[in-house]
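Secondary and tertiary structure notes
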Amino acid sequence: MDIGTITFGTLLNDPFTGHRLTQRERLAEVVGNAVLAERLGFSWYAVGEHHFGERDVVSAPPVVLAAIAERTSTITLATGTTLVANRDPVLVAEDYATLDLLSDGRLQLIAGASFFEEPYAVFGQELDSRADRKRENLELLLRLWTEDRVTWSGGFRPALEEVRVQPRLLQPQPPVWVSGGSKPNSVRLAVDLGLPMVFGTTARKPESHAPLFDLYRTLWAEHGRPAAAARTGAASHVFVADTTAEARSLWREYYGNYFAGAKLPAGARPGPFDFDALVGPGAAICGSPAEVVDKLGRLHELWGHQLHLLAIDIGGIPHATVARAMELVGTEVIPQVAGLGREVGADV
């Protein structure tokens, strides 16, 4: 199983000291953590995309990832996610092909839709068009990256006539995954297009996601696609320290701070913040390296996935603490879980 880390550039006051970084300082941390992740052996570094909120500072992942590309050489540079439902797919095709070239073919684009209402309001999009926009824009993006010239018409942007986007991807095939949450629409979209999928598994009980992982593989087989190509990924809020007691004592405040700073739409959060429930049988992972290895193993048994993205730098945690947690993951967790999932999707 490949282990990556994912960041949204969360910018919050430290709940212990009250200190708050500037936006410039936070973005510098995001770039610096990518360099650290590569050195420590993480497979992926994923940068999310949020708009108009007060908690996160990354609204333009290709710009941030381009800066990271110039300071790294091997780590996969991913988005988590690119809001294809909200962005013009022609511009997405151009921006991320440029990034693929700058990174020497290290791009992986996870395609999704914002679950916040503000982007739809600000960009003049109907909220109930989310699923249709995601499908139409993703289908067009794939055509723009695989066809020399595209003639196209759809429901959400002006028609295209013999359009050839420049520059072209360096990779021979579009490096695209589909993101999805608790509904089957995105699963069907991923399978229809023959794409791998990353599930949003950070908020709900792990067991609640298992049926969607199973649905993906079932539909994949029904389409006659090879089982080895049915690649899936997951994501978790994670913190690790030398001991379980230390990890939980420290992270309780930071994780609560992260939840308090999230202004989510109605229904996006399954219940009130309950630290012990989240880090026990719940979605979050917190503890010693051995405990983190154990929970990742149990989640793999439940989901059968090949990629796990760890969100570590959340809640206003100081950079030195994040770096120590990443070091423990790199030295004591990744070597123990690297063999998981190699029976399927070994080339993720």
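Rules of the game
Residues numbered from 1 in each chain as written. Predicted model: local features only at pLDDT ≥ 70, side-chain atom pairs only at ≥ 80, totals over all residues. Heavy atoms only, no water. Helix = DSSP H or I, 4+ residues; strand = E, 2+ residues; numbered from the N terminus. Rg over C-alpha atoms; globule rule 2.2 N^0.38 Å. Buried < 20%, exposed > 50% of the residue type's maximum accessible area, 1.4 Å probe, protein only. Contact = heavy atoms within 4.5 Å. Areas by Shrake-Rupley, 256 points an atom, 1.4 Å probe, with all protein chains shown as cover. Lys, Arg positive; Asp, Glu negative; His and termini not counted. Charge placed at Lys NZ, Arg CZ, Asp CG, Glu CD. Axes fitted to C-alpha atoms, helices over the stretch in contact; angles between N-to-C directions. Parallel < 35°, antiparallel > 145°, perpendicular 65-115°, else oblique. Nonpolar A, V, L, I, M, F, W, Y, C, P; charged D, E, K, R; others polar. Left-handed = near helix turned anticlockwise from the far one by under 90°. Core = buried A, V, L, I, M, F, W, Y, C linked by side-chain atoms within 4.5 Å.

1. Some remarks on the overall build of the protein chain
- When you go through the protein chain residue by residue, the secondary structure sums to eleven helices and twelve strands.
- The C-alpha atoms of the protein chain give 19 Å as radius of gyration, which agrees with the globular expectation for 348 residues (20 Å, within 12%).
- Principal-axis analysis of the C-alpha atoms places the extent of the protein chain at approximately 60 × 45 × 40 Å.
- Looking at the protein chain as a whole, 53% of its 348 residues qualify as buried.
- Taking all contacts inside the protein chain whose residues are at least 6 apart in sequence as the whole, residues at least 24 apart take part in 72%.
- If you sum the accessible surface of the protein chain, you get close to 14600 Å²; carbon and sulfur atoms cover 52% of it.
- Averaged over its 32 positive side-chain charges, the protein chain has a centre that lies 1 Å from the centre of its 42 negative ones.

2. Looking at the packing of helix α7 (residues 206-222) against helix α10 (residues 289-303)
- Contact geometry for α7 and α10: axes closest at 8 Å, N-to-C directions at 45 degrees. Relative to α10, α7 is oriented oblique. Residues P206, E207, H209, A210, F213 and R217 of α7 touch α10, and the partners they reach there are L299, L302 and W303.
- Classifying every residue of the contact of α7 with α10 by side-chain character gives six nonpolar, one polar and two charged.

3. So, the environment of G181
- By the element assignment, G181 lies in the loop between β8 (176-180) and α6 (185-193).
- It is 20 Å that separates the C-alpha atoms of G181 and G53, two residues lying 128 residues apart in sequence.
- Non-local contacts of G181, meaning those with residues more than four positions away in its chain, are made with F199, G200 and L212.

4. Quick word on the packing of α10 against helix α11 (residues 319-337)
- Between α10 and α11, the least distance of the axes is 9 Å, while the angle of their chain directions is 35 degrees. Like other packed secondary-structure pairs, α10 and α11 cross with a definite hand, here right-handed. Packed against α10, whose contacting residues are P289, V292, V293 and L296, the element α11 presents L328, E332, V333, Q336 and V337 at the interface.
- The residue inventory of the contact of α10 with α11, partitioned by class, reads seven nonpolar, one polar and one charged.

5. Section: the nonpolar core
- By size, the foremost hydrophobic cluster in this structure holds 103 residues, and its most contacted members are W145 and W251.
- The element contributing the most residues to this core is α11, with nine residues.
- Contacts of W251, omitting those with residues within four sequence positions, involve H237, V238, F239, G256, F275, V279, A284, I285, C286, I314 and I317.

6. Re unusual backbone geometry
- With omega at 5 degrees, the peptide bond leading from G80 into T81 counts as cis.
- Position of T81 relative to the elements: it lies in the loop between β3 (76-79) and β4 (82-83).
- The step from Q166 to P167 runs through a cis peptide bond, and the omega angle for that step is 0 degrees.
- Residue placement: P167 occurs in the loop between β7 (160-163) and β8.
- Backbone geometry places F52, a non-glycine residue, at a positive phi of 70 degrees.
- Note that F52 resides in the loop between β2 (44-47) and α2 (61-69).
- A positive phi angle is found at D104, which is not glycine, with a value near 60 degrees.
- With respect to the helices, strands and loops of the structure, D104 is situated in the loop between α3 (89-102) and β5 (107-112).

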